[in-house]
Amino acid sequence: MLKGKTALVTGSTSGIGLGIAKALAKQGANIVLNGFGDVEGPKAEIAAVAAPGVKVGYHGADMSKASEIADMMAYAASTFGRVDILVNNAGIQHVAKIEDFPIEKWDAIIAINLSSAFHATRLALPAMKAADGGKGWGRIINVASAHGLVGSPEKSAYVAAKHGVVGLTKVTALENATTGVTCNAICPGWVLTPLVQKQVDAKAAAQGITNEAATKQLLGEKEPSMQFTTPEELGELAVFFCSPAGNNVRGVAWNMDGGWVAQ
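Reading the values: rules and limits
Residues numbered from 1 in each chain as written. Predicted model: local features only at pLDDT ≥ 70, side-chain atom pairs only at ≥ 80, totals over all residues. Heavy atoms only, no water. Helix = DSSP H or I, 4+ residues; strand = E, 2+ residues; numbered from the N terminus. Buried < 20%, exposed > 50% of the residue type's maximum accessible area, 1.4 Å probe, protein only. Polar contact = N/O pair within 3.5 Å; in protein donor to acceptor, adjacent residues only side chain to side chain. Contact = heavy atoms within 4.5 Å. Pairing = 2+ DSSP bridges. Axes fitted to C-alpha atoms, helices over the stretch in contact; angles between N-to-C directions. Right-handed = clockwise from strand over helix to strand, strands pointing away. 1 Å grid on protein atoms, 1.4 Å probe; cavity = no way out; pocket = protein on both sides within 12 Å on 5 of 7 lines; lining within 4 Å. Points joined across faces, edges and corners; volume = space filled by probe spheres on them. Nonpolar A, V, L, I, M, F, W, Y, C, P; charged D, E, K, R; others polar. Phe/Tyr/Trp six-rings, centres within 6.5 Å; stacked < 30°, edge-to-face > 60°. Lys NZ or Arg CZ within 6 Å of the ring centre and 35° of its normal. Expected span 1.5 Å × (residues − 1). Arc of directions from axis to C-beta.

A.B. asks: Where do I start with the side chain of Thr 179 in this structure?
C.D. replies: Mapped onto the secondary structure, Thr 179 falls in the loop between α5 (156-175) and β6 (181-188). Relative accessible area serves as the criterion here: at 19%, Thr 179 is assigned to the buried category. Among the polar contacts made by the side chain of Thr 179, one reaches the main-chain carbonyl oxygen of Asn 176 at a distance of 2.8 Å. The contacts of Thr 179, once residues within four sequence positions are left out, are Lys 135 and Arg 250.

A.B. asks: Can you help me understand the sheet that holds β6 in this one?
C.D. replies: Spatially, the seven strands line up as an open sheet ordered β3-β2-β1-β4-β5-β6-β7, and their pairing is parallel. Of all the strands in the sheet, just β3 (56-58) and β7 (253-256) have a single pairing partner and so form its edges. Recorded for the sheet is a direction-independent mean angle of 20° between the axes of neighbouring strands. In the sheet, strand β1 (residues 6-9) pairs with strand β4 (residues 85-88) via three bridges, with the strands oriented parallel. Its bridge partner lying in β4, Ala 7 is registered against Ile 85.

A.B. asks: For this particular structure, what's the right way to read the pairing of β1?
C.D. replies: Along a regular strand, successive side chains alternate from one face of the sheet to the other. Neither face of β1 is open: one carries Thr 6 and Leu 8, the other Ala 7 and Val 9, and all of them are buried. Note: β1 against strand β2 (residues 30-33), four bridges, orientation parallel. Paired with Thr 6 across the strands is Asn 30, a residue of β2. For the crossover from β1 across helix α1 (residues 15-26) to β2, the handedness is right-handed.

A.B. asks: Honestly, empty space enclosed by the protein in this entry has me stumped. Any pointers?
C.D. replies: Any empty space left between atoms is shown by rolling a water-sized probe over those atoms. Inspection of every chain in the model, using the stated rule, returns one cavity of 30 Å³ or more. One number sums up the size of the largest cavity: a volume of about 50 Å³. In terms of lining, the largest cavity is formed by Thr 10, Asn 88, Asn 89, Ala 90, Ile 112, Asn 113, Ser 116, Ala 117, Val 143, Lys 162 and Val 165. Contributions of two or more residues to the lining of the largest cavity are made by α4 (103-130) and α5. With four residues, the top contributor of residues to the lining of the largest cavity is α4. For the lining of the largest cavity, a count of residues per class yields five nonpolar, five polar and one charged.

A.B. asks: What's the story with the packing of aromatic side chains in this structure? I'm lost.
C.D. replies: Ring pairs (aromatic) are described by centroid distance and by the angle formed between their planes. Applying the stated rule across the entire model yields five aromatic pairs. Seen from their ring centres, Phe 101 and Trp 106 are 6.5 Å apart, and the 85° between their planes marks the pair as edge-to-face. The interplanar angle of 65° and the centroid separation of 5.6 Å between the aromatic rings of Phe 240 and Trp 254 together place this pair among those described as edge-to-face. Here Phe 240 is found in helix α8 (residues 231-242), whereas its partner Trp 254 is found in strand β7, with 14 residues between them in sequence. Feature note: the residues Phe 240, Phe 241 and Trp 254 constitute an aromatic cluster, connected by ring pairs. Geometry around Trp 137 places Lys 5 over its ring, the cationic atom sitting 4.2 Å from the centre.

A.B. asks: Is there a simple way to think about helix α3 (residues 66-80) in this case?
C.D. replies: Residues that lie three or four places apart on an α-helix share one face, since the helix turns once every 3.6 residues. End to end, α3 covers 21 Å across 15 residues, agreeing with the expected 21 Å (1.5 Å per residue, within 8%). Listed in full, the buried residues belonging to α3 are Ile 69, Met 72, Met 73, Ala 76 and Phe 80. The buried residues of α3 occupy an angular sector of 95° when the element is viewed end-on, so they sit on one face. For α3, exposure combined with an orientation more than 90 degrees from the buried face picks out Ser 67 and Ser 78. For α3, the secondary structure elements touched by its buried residues are β1, β2, β3 and α4.

A.B. asks: It is not clear to me how unusual backbone geometry should be interpreted in this structure. Could you clarify?
C.D. replies: Residues apart from glycine generally show negative phi values, whereas peptide bonds are mostly found in trans. For Asp 132, which is not glycine, the phi torsion reads 55° and is therefore positive. Secondary-structure assignment places Asp 132 in the loop between α4 and β5 (138-143). Residue Asp 132 is classed as partly exposed on the basis of its relative accessible area, which comes to 46%. Unusually for a residue other than glycine, Glu 154 sits at a positive phi of about 70°. Relative to the elements of secondary structure, Glu 154 occurs in the loop between β5 and α5.

Dropping the structure here:
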């Protein structure tokens, strides 16, 4: 379905981003990976599931720096022609009460979770709007969070950033509503990524309970389904947004959260 298209997924060397990259590669899209840590492992995971002919590139841009995001977008354009599908997924987390929240952590979370989506979007839009003989074709998918729709204590920066991502999604969709470029947000609940595993481990250590008990407690607080959303499920939702069925889905914040926001 996506043969000949190129998808750039930020924060895609593990977790949700890698799950989405794999789902898009299965549909034939070339992939530009971004993130820290091991790169060959994620490339091999994509190669194992990708449609024939899919190419995979990588750029290690620090998503807190606008200049490095610009370098990444230029790399994608020079390597593959243009970015057809932009998935703004990079994110970090820090937990503390507002009065105790370190200023540098606030700045980093806003930069990586919110501002990076703006910088990548502004650089991707011109080529997307010029595609298909000027009619435009593009998909911008912002990975927000259930925390883009509701709040939780001690996550002021994360909740503020993710609410901001949902707002940016709506404006991007509206500005491009008469073109072939759409923008939507995915709002996952708990997904068992390395980021969430750290929270489970911390909860287990703080309360002197097993990892299994901490997991149940974490899910029980928020997620009525009592099960994690998977990166694979989120990848399939991203594929739907890129499909012809998603042509007029514009500006939505689609929660895949086991009922979290329904409460």
